[in-house]
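# Analysis of the macromolecular model
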Amino acid sequence: MLEIKGIDVFYGDVQVIWDVSFRVGEGEIVAMIGANGAGKSTTMRTISGILSPRKGEIIFDGVAIHKVEPYRLIEMGLAHVPEARRLFVEMTVEENLEMGSLRGEAKKKREDNKEFVFSLFPRLKERRRQQSGTLSGGEQQMLAIGRGLMSMPKLIMFDEPSLGLAPILVRDIFNIIKSIRERGKTVLIVEQNVRQTLAVADRAYVLENGKITMEGTGQGLLHDEHVRHAYLGV
Ligand code: ATP
């Protein structure tokens, strides 16, 4: 469904991504793990069209997308739930959800999509009229995910969904990611929370200093000597 082929990404003259290639198959949960500054968010921002690769290609559903505008990518079925959630804090829960379905099919089916989101997150339904800046951290993360789902994506990308959440909520978020896949979506996730991420991922890639250094199944990497030493502290 998504294929990244040999991309290089720069900020000005500074290269941060080096010849990165990976793929995400339909219905998979694929993870990219790596330390702070490895380039995970940069990779994700490149896929969602905010940054352009200087070299290489990105293919989504058979179409080259590395020159496509971000809003078009959303219409094509690619959603990005960014790090730090980026909610409209002055707006209500419901208004934030509506911001996720501004165009096309997603706009026409807005009410159905809202019901879909509320079925995953009953808490958001209860709080639909609450100003989103007053939600708890976990509720805000649910809302960011819900807003991503409002565009009816085929592929949803999560940037550090567990960041800043208490352990019990981290578990909830990973369970929600599994149930999103069960409802027919494909998932790409970048995370520093290596243990729980590998536990839910079908396959994963390790990014170090802007390069892919390892790949394998989630379970395989979870038991790999280097991964255990470098990322799990064992
Ligand atoms: P983290 O988990 O800490 O967010 P990350 O793996 O997502 O890390 P990136 O945010 O992609 O890493 O950053 C990769 C490198 O690019 C870092 O060295 C960072 O300092 C640099 N970088 C990120 N954003 C910019 C920017 N806007 N301008 C210049 N350099 C940047």
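Notes on the structure follow. Treat the numbers as computed from the prediction; the structure is a model and nothing was measured.

### As for the site of the ligand
The immediate surroundings of the ligand are formed by 14 residues, with Asn36, Gly37, Lys40, Ser41 and Thr42 found nearest. Take Gly39: an N or O atom from its main chain is 2.8 Å from an oxygen atom of the ligand. When isolated, the ligand has an accessible area of 640 Å², and the protein chains bury 59% of it. Considering each element in turn, the shell around the ligand owes the most residues, four residues, to helix α1 (residues 40-47).

### Here we look at the packing of aromatic side chains
Following the criterion strictly, the structure yields one aromatic pair and no others. Measuring from centroid to centroid gives 5.4 Å for Phe22 and Tyr205, while their planes differ by 50°, and the two rings are tilted. Residue Phe22 is found in strand β2 (residues 14-24), and its partner Tyr205 is found in strand β9 (residues 203-208); the two are separated by 183 residues along the sequence. Here Phe22 matches Tyr205 in class, with each residue buried. The ring of Phe10 has Arg54 lying over it, and the distance from NZ or CZ to the ring centre is 3.7 Å. One Lys or Arg, Lys211, reaches over the ring of Trp18 and ends 5.2 Å from the middle of that ring.

### Considerations on the packing of helix α7 (residues 137-149) against helix α8 (residues 167-182)
Between α7 and α8, the least distance of the axes is 11 Å, while the angle of their chain directions is 15°. Between α7 and α8, the angle is such that the two are roughly parallel. At the point where α7 passes α8, the crossing takes the right-handed sense. Contacts between α7 and α8 involve Gly138, Gln141, Ile145 and Leu149 on the former and, on the latter, Leu169, Ile173 and Ile180.

### Topic: the environment of Phe60
Inspection of the secondary structure assignment puts Phe60 in strand β4 (residues 55-60). Residues Phe60 and Arg86, 26 residues apart in the sequence, show an inter-C-alpha distance of 25 Å. Among residues more than four places away in sequence, those in contact with Phe60 are Met1, Leu2, Ile65, Met76, Gly77, Leu78 and Leu155.

### Notes on the sheet that holds strand β5 (residues 63-64)
Each strand in a sheet pairs with another by means of backbone hydrogen bonds, the pair being arranged parallel or else antiparallel. In spatial order, the strands read β2-β1-β4-β5; together these four strands make up an open sheet with antiparallel pairing. The two strands at the open ends of the sheet, each matched to only one other strand, are β2 and β5. The pairing of strand β1 (residues 2-11) with β4 spans five bridges and is antiparallel. Residue pairing in the sheet places Lys5 in a bridge with Glu57 of β4. In the packing of α1 onto the sheet, the strands contacted are β1, β2 and β4, and the crossing angle to β1 comes to about 115°.

### A few points about the layout of surface pockets
Taken as a whole, the largest pocket holds about 840 Å³ of empty space. Of all the elements in the fold, those that place two or more residues in the lining of the largest pocket are α1, α2 (70-76), β6 (78-81), α4 (104-108) and α7. Here the residues of the lining of the largest pocket sort into 16 nonpolar, nine polar and eight charged.

### Side note on the pattern of salt bridges
This structure, assessed with the given rule, holds 17 salt bridges. A salt bridge links Glu160 to Lys40, with the nearest nitrogen and oxygen atoms 4.0 Å apart. Of this pair, Glu160 sits in the loop between β7 (155-159) and α8 while Lys40 sits in helix α1, placing them 120 residues apart in sequence. Neither residue differs from the other here; Glu160 and Lys40 are each classed as buried. Across the pair Glu115 and Lys125 runs a salt bridge, and its minimum N-O distance is 3.5 Å. Linking Glu115 in helix α5 (residues 110-120) with Lys125 in helix α6 (residues 122-126), this pair joins segments that are 10 residues apart in sequence. The exposure class assigned to Glu115 is partly exposed, which follows from its relative accessible area of 39%. A single salt-bridge network, built from bridges that share partners, covers Glu94, Glu98, Glu111, Lys114, Arg128 and Arg129.

Parameters at a glance
Residues numbered from 1 in each chain as written. Predicted model: local features only at pLDDT ≥ 70, side-chain atom pairs only at ≥ 80, totals over all residues. Heavy atoms only, no water. Near = heavy atom within 4 Å. Polar contact = N/O pair within 3.5 Å; in protein donor to acceptor, adjacent residues only side chain to side chain. Areas by Shrake-Rupley, 256 points an atom, 1.4 Å probe, with all protein chains shown as cover. Helix = DSSP H or I, 4+ residues; strand = E, 2+ residues; numbered from the N terminus. Phe/Tyr/Trp six-rings, centres within 6.5 Å; stacked < 30°, edge-to-face > 60°. Buried < 20%, exposed > 50% of the residue type's maximum accessible area, 1.4 Å probe, protein only. Lys NZ or Arg CZ within 6 Å of the ring centre and 35° of its normal. Axes fitted to C-alpha atoms, helices over the stretch in contact; angles between N-to-C directions. Parallel < 35°, antiparallel > 145°, perpendicular 65-115°, else oblique. Left-handed = near helix turned anticlockwise from the far one by under 90°. Contact = heavy atoms within 4.5 Å. Pairing = 2+ DSSP bridges. 1 Å grid on protein atoms, 1.4 Å probe; cavity = no way out; pocket = protein on both sides within 12 Å on 5 of 7 lines; lining within 4 Å. Points joined across faces, edges and corners; volume = space filled by probe spheres on them. Nonpolar A, V, L, I, M, F, W, Y, C, P; charged D, E, K, R; others polar. Salt bridge = Lys/Arg side-chain N within 4 Å of Asp/Glu carboxyl O.

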